[in-house]
Each structure stands twice: as C-alpha cells, then as structure tokens.
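For reference, the chains in residue letters:
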Amino acid sequence: QNRTLQLIFILSILMVSCERKWKKPADVSFGFQLNSNSADGLVKFTSGYFLLDKIDFDGERKQGSNSVNFSKDYDPNALIYLNSTALSGGLAFDIPQGTYTKIDLKVSTEEQPGNAPSLVVYGTYINTINDTIAVRFEFTSGETFEIQGQNASGGAEIFLVEDKPASTSIIFNPKYWFDVIPQSMLESATIVIESSVQTMIINDSSNSDIYELLIDRLSDGKQALFN
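Since we're looking at a predicted model, the values are computed, not measured.

Moving on, we come to the pairing of strand β2 (residues 43-61). As judged from the seven bridges shared by β2 and strand β6 (residues 119-126), these two strands associate in the antiparallel manner. Each residue of the ladder has a partner; that of F45, found in β6, is G123. For β2 and strand β3 (residues 67-83), the ladder comprises 13 bridges, and the chain directions are antiparallel. What sits directly across from E60, in β3, is S67. The antiparallel hairpin formed by β2 and β3 contains five residues in its connecting segment, where G64 sits at a positive phi of about 55 degrees. Relative to strand β5 (residues 98-109), β2 runs antiparallel, the two being bridged by nine bridges. The residue bridging F57 from the neighbouring strand is L105, located in β5.

Right, dumping it as structure tokens:
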C-alpha cells in the first residue's frame, strides 16, 4: 500500500511538472509585408499600410491544455507599413510552447472616421501608350482577415519552443486581389492629377467598379508563415 501511495505521489508530481512545462511561453514575433510577387502583375505594387485594430490567436496543440486562445486590441490603432522586401510591425507575444496542429489568426482593421482608409496599397500601371500611372487602392471599411498558420514547408503543424524565438510573417498579396481586374478596366479608369502625377485612385467613390471587384478578393490572398 505504501508503494502504491508513493507511485501515485510521484505520478502527481510528474503531471504537475509536465503541465507547468507546457504553460511556459515561447517568444513569437509577428511582422507584416507584401508578397514578393507584388510587382509581377499589370499593376506593380511597391508599398502600403494598414491600421491594425486587433489580433486574435486560436491554437490547438497536442500537449497541456489543448486550446490556446488570446486577443490583443490596439487602441489607438497601430499603423503598420507594408513592403515586399522586409517585415514591419515588430509585434511580440508570449505563446505557450508546444506542438500546434492548427493555428488560426484573425487580423482586424476598423472603419475610420470621415471615411478615411483602413488599408492602402500603392503601385504603378503602365498603360497601352506607355504612360506611367500611379495607383492607390484605398479600402475604406473595417475588415477581419482570417488566416491559417503554416510552417516553412506549407504544413499546418507548428512547433513553438521555450528559449527558441520564432517569427511569423503575415503576408498580403495585392497581386492576387488585382488579378481579377482586366486591362480594359484599367485602361478606362478615371485618372486624376495629384502633385503633377497621373493617379488612379480606387476606392468606394472613385473607380468604384474596380473597387467592388477588389473587395470581393480581400478575404483571400494572405498567408501566415511561422519560422
């Protein structure tokens, strides 16, 4: 009987120790950028920004308490710049370590006062008579981008380990958004002059036919890569 009690006591200690282990956090940084193919389409995108309102993390892991969930609000909204050559944002989280079989992220923007854009991307378009037109896509509503995390090989299983910092690249793909726009629509778009530059502004009041096609694509064309 004493040996049985000793065994139960040892197992209890091991279980508590194991549970504590899986509560220990891994340092995970989150950065944002444009897809590296952003300059490959009819419109060649160079940069942009968005106003981050909230990040939601929902993970399922094999160890400890299986579900890991948290949210982070940014009030006032965080201004996140975007380009295709470097990560920006510099956000960091302590996330319980473990083997995650699935990680779902939600990156949210918020509708801004005065119809100001919550997401902007900049690019250029060379028309059929070889004029270079500046392009500015302005998304003027709030949006929640739902993104499933991937490992470096494109799989869903992600390892987060204490004392081994990980980085997450959240990548937006404006080329994908614009792939639905035929050249004929770009050729017939309304062009204005801004600071002596021919400019195609695309929002809910300017070139709205293009805008409506684009906003149907926003829910796709993004990735979250854990490295």
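Right, let's get into the pairing of β5. One ladder, built from three bridges, connects β5 with strand β9 (residues 158-160); its direction is antiparallel. Directly across from Y100, in β9, lies its bridge partner I158. Both β5 and strand β8 (residues 144-150) contribute to a ladder of five bridges, which runs antiparallel. Each residue of the ladder has a partner; that of V107, found in β8, is F145.

We now examine the environment of D209. With respect to the element layout, D209 can be found in helix α4 (residues 208-215). Along the sequence, D209 and I181 sit 28 residues apart, while their C-alpha atoms lie 9.9 Å from each other.

To continue, consider the nonpolar core. Across soluble globular proteins, nonpolar side chains have a tendency to be buried as a group. If you look at the biggest cluster of nonpolar residues, it comprises 51 residues, and the most contacted ones within it are F32 and F137. Looking at this core element by element, the count peaks at six residues for β2. Sequence-distant contacts of F137, defined by excluding residues within four places in its chain, comprise L119, V120, V121, W177, F178, I202, Y211, L214 and L218.

Attention now moves to a negative patch on the surface. On the surface, a cluster of negative charge is contributed by D73, D75, E110 and E111. For D75, a relative accessible area of 75% gives the class exposed.

Let us now look at the confidence of the model for the protein. Summary statistics for the protein give a mean pLDDT of 90 and a share of 90% for residues scoring 70 or more. Confidence drops under a pLDDT of 50 for residues 2-20, and excluding neighbours within four residues, the segment shows two contacts in the predicted structure.

Counting across every chain of the model gives six salt bridges. Here K102 makes a salt bridge to D104, at a shortest N to O gap of 3.6 Å. Judged by relative accessible area, K102 falls into the partly exposed class, the value being 38%. The exposure class of D104 is partly exposed, given its relative accessible area of 25%. Ionic contacts of the salt-bridge type, sharing partners, join the residues R136, E138 and E194 into one network.

Residue placement: D53 occurs in strand β2. Taking the relative accessible area as the measure of exposure, D53 reaches 18% and is therefore buried. The spatial distance from the C-alpha of D53 to the C-alpha of E111 is 9.5 Å, given a sequence separation of 58 residues. With residues up to four places along the chain from it excluded, the contact list for D53 reads K72, D73, Y74, N77, S108, T109 and E110. Within the structure, the side chain of D53 is placed 3.2 Å from the side chain of N77, a separation counted as a polar contact.

Our focus in this paragraph is the packing of aromatic side chains. For the coordinates displayed, the defined rule picks out 14 aromatic pairs. Taking the centre distance of 6.4 Å and the plane angle of 65 degrees together, the rings of F137 and W177 count as edge-to-face. Of this pair, F137 sits in strand β7 (residues 132-139) while W177 sits in helix α2 (residues 174-178); the two residues are 40 residues apart in sequence, bridging distant segments of the chain. Take F137 and W177: they sit in the same class, and that class is buried.

What counts as what
- Residues numbered from 1 in each chain as written.
- Predicted model: local features only at pLDDT ≥ 70, side-chain atom pairs only at ≥ 80, totals over all residues.
- Heavy atoms only, no water.
- Pairing = 2+ DSSP bridges.
- Helix = DSSP H or I, 4+ residues; strand = E, 2+ residues; numbered from the N terminus.
- Core = buried A, V, L, I, M, F, W, Y, C linked by side-chain atoms within 4.5 Å.
- Buried < 20%, exposed > 50% of the residue type's maximum accessible area, 1.4 Å probe, protein only.
- Contact = heavy atoms within 4.5 Å.
- Patch = residues over 30% accessible without salt bridge, like charges linked within 9 Å, V, L, I, M, F, W, Y side chains within 5 Å.
- Areas by Shrake-Rupley, 256 points an atom, 1.4 Å probe, with all protein chains shown as cover.
- Salt bridge = Lys/Arg side-chain N within 4 Å of Asp/Glu carboxyl O.
- Lys, Arg positive; Asp, Glu negative; His and termini not counted.
- Charge placed at Lys NZ, Arg CZ, Asp CG, Glu CD.
- pLDDT = per-residue confidence, 0-100.
- Polar contact = N/O pair within 3.5 Å; in protein donor to acceptor, adjacent residues only side chain to side chain.
- Phe/Tyr/Trp six-rings, centres within 6.5 Å; stacked < 30°, edge-to-face > 60°.

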